[in-house]
Amino acid sequence: FWQHFNNEMRERFNEVAYNAWFKNTKPISYDKEKHELKISVQNPVSKGYWEKNLSSQLIQSAYGYAGIELLPIFQVADTNSPERIVTPEPRRINIENKKPAKPGFMQNLQLNDKYTFDNFVQGEGNKLAAGAALAVADSPGSFYNPLFIFGGVGLGKTHLMQAIGHQMLAEKPDAKIVYIQSETFVNDFINSIKNKTQDEFREKYRTCDLLLVDDIQFFAKKEGIQEEFFHTFETLYNDQKQIVMTSDRLPTEIPDLSERLVSRFTWGLQVEITPPDLETRIAILRRKAESEGLTIDDNTLNYIASQVDTNIRELEGALVKVQAHATIEKEDINPSLAREALTDLKLVQKDRGLQIPKIQEVVANYFQTSTEELKGKKRVRQIVVPRQIAMYLSRELTNASLPKIGQEFGGKDHTTVMHACDKIGKQIQTDTEIKAAVFDLKQMLDH
Ligand code: ADP
Ligand code: MG
């Protein structure tokens, strides 16, 4: 049966996720009378995931396969002794010696307590990234090095990255983990030059077991920083230390990122997080509501989730807003209260009030061309500029994602949209004509 179940799951999951959850999971004993199946899993994270997400499938599958009401029991495997307690013991603090025994940066490790694998809801858009992150957390430095997670704002990149840190810390409390925003690396580096503390800087970054660099797109155009990061990367990589990076785009799309960094970033695995589908958004809201001790009916969850369709941070914000509204009005949370609470949420207005076709119409009119041309492929300047402006405005004034905007413009690639937005964004600083046009158009569009 186990083989049967594994085959079933192998079809449902992609390879990365399948390996993460199934490779080191094995049945160890079966009690025929109680139908208890003891299953050994690799670590507590795996255990949690199996209990929450996979056990119901296992039960269903067993029922379908053998008509048995299976009772799965998960145990964390330990190669040394089966009795070992897996949760790390709290570390004793030596009161007499308050001076930290660990290098300074250990004290500075700033991970958000909530950003764990346990709190991460998996869905279509993120399961590949989550699988990869788990694989990396399970065996840092050996699977996918570096791991490069990319995708839009508020989709869970930072959450996943920190979850890797949390898990590694849970398993090896002494591991040296560095989590930083890429700007911190930049600032640390500049300060180390000013203060002549480059040795400390290198000690901090080149001797850790796990380096997490968030939003690495800010290394764009910074040659000196890239040079330094290159050496950091080389040292860690050669020592088989795990490197994880996030970015809002692919390495090849980061402006002026040196060839050698681009190529190194592709040595491991690049994995994208895409916006969550409705089902995942509802699941995230439900999880969030539960953790806040709120009971919210499905209709309301559905309503909120349908209002915010890209950014998970904003999705969470919408829930907070509804909750606050209910408290102030002393009313129960239901769809109509949610609607009321969210009408003054800017992002709902944005989405409701202004749609991309409207922007296309106004822009086409302004430049005396047609919406068909804006959605078309012609590359003459008279059309390219209005098209790029229309894309830029769609990005600025609506809540639509890059892929969605691409779709609305005749099925163009999201990178085309991104390029247009970057380009117009720059031109309004330098080109007075474009600046004026964008200004006029915004007024016409009532923004
Ligand atoms: P990013 O770094 O991609 O901009 P974050 O990791 O900061 O996004 O995520 C934004 C918020 O959404 C955080 O509060 C995070 O906990 C939450 N979040 C994102 N993805 C998920 C998910 N799959 N399950 C639960 N919460 C999520
Ligand atoms: Mg982030």
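Let me begin by describing the structure that accompanies this report.

The full set close to ligand 1 counts 17 residues, and V121, G154, K157, T158 and H159 are the nearest of them. Here an oxygen atom of ligand 1 and a backbone polar atom of G154 are 2.7 Å apart. At 2.7 Å, a side-chain N or O of H159 approaches an oxygen atom of ligand 1. A total of 560 Å² of accessible area belongs to ligand 1 in isolation, and the protein chains cover 92% of it. Mapped by element, the contributors of at least two residues to the shell around ligand 1 are α6 (157-171) and α13 (312-329). Of the residues assigned to the shell around ligand 1, the class counts are 7 nonpolar, 7 polar and 3 charged.

This part is about helix α21 (residues 432-444). In an α-helix, one turn spans 3.6 residues, which is why side chains three or four residues apart end up on the same side. For α21, which comprises 13 residues, the first-to-last C-alpha distance of 18 Å matches the rise-based estimate of 18 Å (1.5 Å per residue) to within 8%. Among the residues making up α21, those that are buried are I434, A437, V438 and L441. The buried residues of α21 occupy an angular sector of 95° when the element is viewed end-on, so they sit on one face. With respect to the buried face of α21, the exposed residues turned more than 90 degrees away are T432, K435, F439 and Q443. Buried residues along α21 sit in contact with α16 (356-366), α18 (381-397) and α20 (414-430).

For the rest of this paragraph, the subject is unusual backbone geometry. In the segment running from N145 into P146, the intervening peptide bond is cis, with an omega of -5°. One can find P146 in the loop between α5 (127-138) and β4 (147-151). Unlike most non-glycine residues, K196 shows phi in positive territory, near 55°. Here K196 shows up in the loop between α7 (182-194) and α8 (198-206). Judged by relative accessible area, K196 falls into the exposed class, the value being 75%. Backbone geometry places D256, a non-glycine residue, at a positive phi of 50°. Within the fold, D256 resides in the loop between β7 (242-247) and α10 (259-265).

Judged by how many residues are buried, strand β2 (residues 36-41) sits mostly within the fold: 5 of 6 residues are covered. Where strand β1 (residues 26-31) lies against β2, 5 bridges are found, and the strand directions are antiparallel. Within β2, the residue paired with S29 across the bridge is K38. The antiparallel hairpin formed by β1 and β2 contains 4 residues in its connecting segment, where H35 sits at a positive phi of about 60°. Examined bridge by bridge, β2 and strand β3 (residues 71-76) share 6 bridges and lie parallel to one another. Each bridged residue has a counterpart across the sheet, and for L37 the counterpart in β3 is P72.

Attention now goes to the pattern of salt bridges. Applying the stated criterion to the full structure yields 15 salt bridges. Measuring nitrogen to oxygen at the nearest pair gives 3.7 Å for the salt bridge that ties K127 to E124. Exposure remark for K127: the relative accessible area of 18% places this residue in the buried category. Classification of E124 as exposed rests on a relative accessible area of 56%. In this structure, K288 engages E292 in a salt bridge whose closest nitrogen and oxygen atoms are separated by 4.0 Å. A relative accessible area of 37% places E292 in the partly exposed class. Members of the salt-bridge network, linked through shared partners, are R202, R206 and E228.

The interhelical angle for the contact between helix α11 (residues 278-291) and helix α12 (residues 298-307), taken along N-to-C directions, is 120°, at an axis separation of 9 Å. Between α11 and α12, the angle falls in the class oblique. Read as a crossing pair, α11 and α12 show a hand that is right-handed. Judged by residue contacts, L278, R281, I282, L285 and R286 of α11 engage D298, L301, N302, I304, A305 and S306 from α12. Taken together, the residues that form the contact of α11 with α12 break down as 6 nonpolar, 2 polar and 3 charged.

The next thing to look at is the packing of aromatic side chains. Taken as a whole and judged by the stated rule, the model has 24 aromatic pairs. Taking the centre distance of 5.3 Å and the plane angle of 65° together, the rings of F219 and F229 count as edge-to-face. Remark: F229 occurs in helix α9 (residues 223-238) and F219 occurs in the loop between β6 (210-214) and α9; sequence separation between them is 10 residues. Between Y366 and F367, the aromatic rings sit 5.0 Å apart at their centres with planes inclined by 80°, giving edge-to-face as the arrangement. Of the residues examined, F367 reaches a relative accessible area of 27% and is grouped as partly exposed. An aromatic cluster is built from F148, F150, F185, F189, F201, Y205, F219, F229, F233, Y237, F265 and W267, whose rings are joined through pairwise contacts. R260 extends its terminal NZ or CZ atom over the ring of F230, reaching a point 3.7 Å from the ring centre.

Let's shift gears to the sheet that holds β7. As summarised here, the arrangement of the 5 strands in space is β5-β6-β7-β4-β8, forming an open sheet in which the pairing is parallel. Here the strands that pair on one side only, and so sit at the sheet edges, are β5 (177-181) and β8 (269-273). Mean inter-strand twist for the sheet, computed between neighbouring axes without regard to direction, equals 15°. Here β4 pairs with β7 via 4 bridges, running parallel. Along β7, the bridge assignment pairs F148 with M245. Against the sheet, α5 touches β4, β7 and β8, its axis set at about 140° to β8.

Definitions and limits used
- Throughout, a residue's number is its position along its own chain's written sequence, starting from 1.
- Numbering of ligands from 1 and lettering of chains from A proceed in the order in which they are written.
- Only residues with pLDDT of 70 or above have their local features reported here, since the model is predicted, and side-chain atom pairs are shown and tallied only from 80 upward, although totals for entire chains, interfaces and linings are computed over all residues.
- The side-chain numbers reported here are obtained from all heavy atoms of the structure, hydrogens and water having been left aside.
- We call a residue near a molecule or strand as soon as one heavy atom of that residue lies within 4 Å of the molecule or strand.
- Identification of polar contacts relies on pairs of N or O atoms within 3.5 Å, with a donor-acceptor requirement for protein atoms, meaning one able to donate a hydrogen and the other able to accept it, and with residues adjacent in sequence counted only if both atoms are side-chain atoms.
- Note that accessible areas follow from Shrake-Rupley with a 1.4 Å probe, and for residues the cover is restricted to the protein chains shown.
- Think of it this way: any DSSP run of H or I at least four residues long counts as a helix, any run of E at least two long counts as a strand, and we number them from the N terminus.
- By the convention adopted, Pro, Cys, Tyr, Trp, Phe, Met, Ile, Leu, Val and Ala count as nonpolar, Lys, Arg, Asp and Glu as charged, and the other residues, Gly among them, as polar.
- By this rule, a helix spans an expected 1.5 Å times one less than how many residues it contains.
- Whether a residue is buried, partly exposed or exposed follows from its accessible area with a 1.4 Å probe, protein chains only, as a fraction of its type maximum: under 20%, in between, or over 50%, in that order.
- The directions considered for the arc are those from the helix axis to the C-beta atoms.
- Only heavy atoms enter the contact rule, under which two residues are in contact if any of them lie within 4.5 Å.
- Any two strands between which DSSP finds at least two bridges are classified as paired.
- By convention in these notes, a salt bridge is any Lys or Arg side-chain nitrogen within 4 Å of a carboxyl oxygen on Asp or Glu.
- Helix axes are fitted to C-alpha atoms over the stretch in contact, other axes to C-alpha atoms as well, and angles between N-to-C directions run from 0 to 180 degrees.
- These descriptions rest on fixed angle ranges, namely under 35 degrees for roughly parallel, over 145 for roughly antiparallel, 65 to 115 for roughly perpendicular, and the rest for oblique.
- We call a crossing left-handed when the near helix sits turned anticlockwise from the far one by less than a right angle, and right-handed when that turn is clockwise.
- To pair, rings of Phe, Tyr and Trp, with the six-membered ring standing in for Trp, must have centres within 6.5 Å; the planes then decide the type, stacked if under 30 degrees apart, edge-to-face if over 60, and tilted in the middle.
- Only Lys NZ and Arg CZ are tested; either one counts as a charge over a ring when it is within 6 Å of the ring centre and within 35 degrees of the ring normal.

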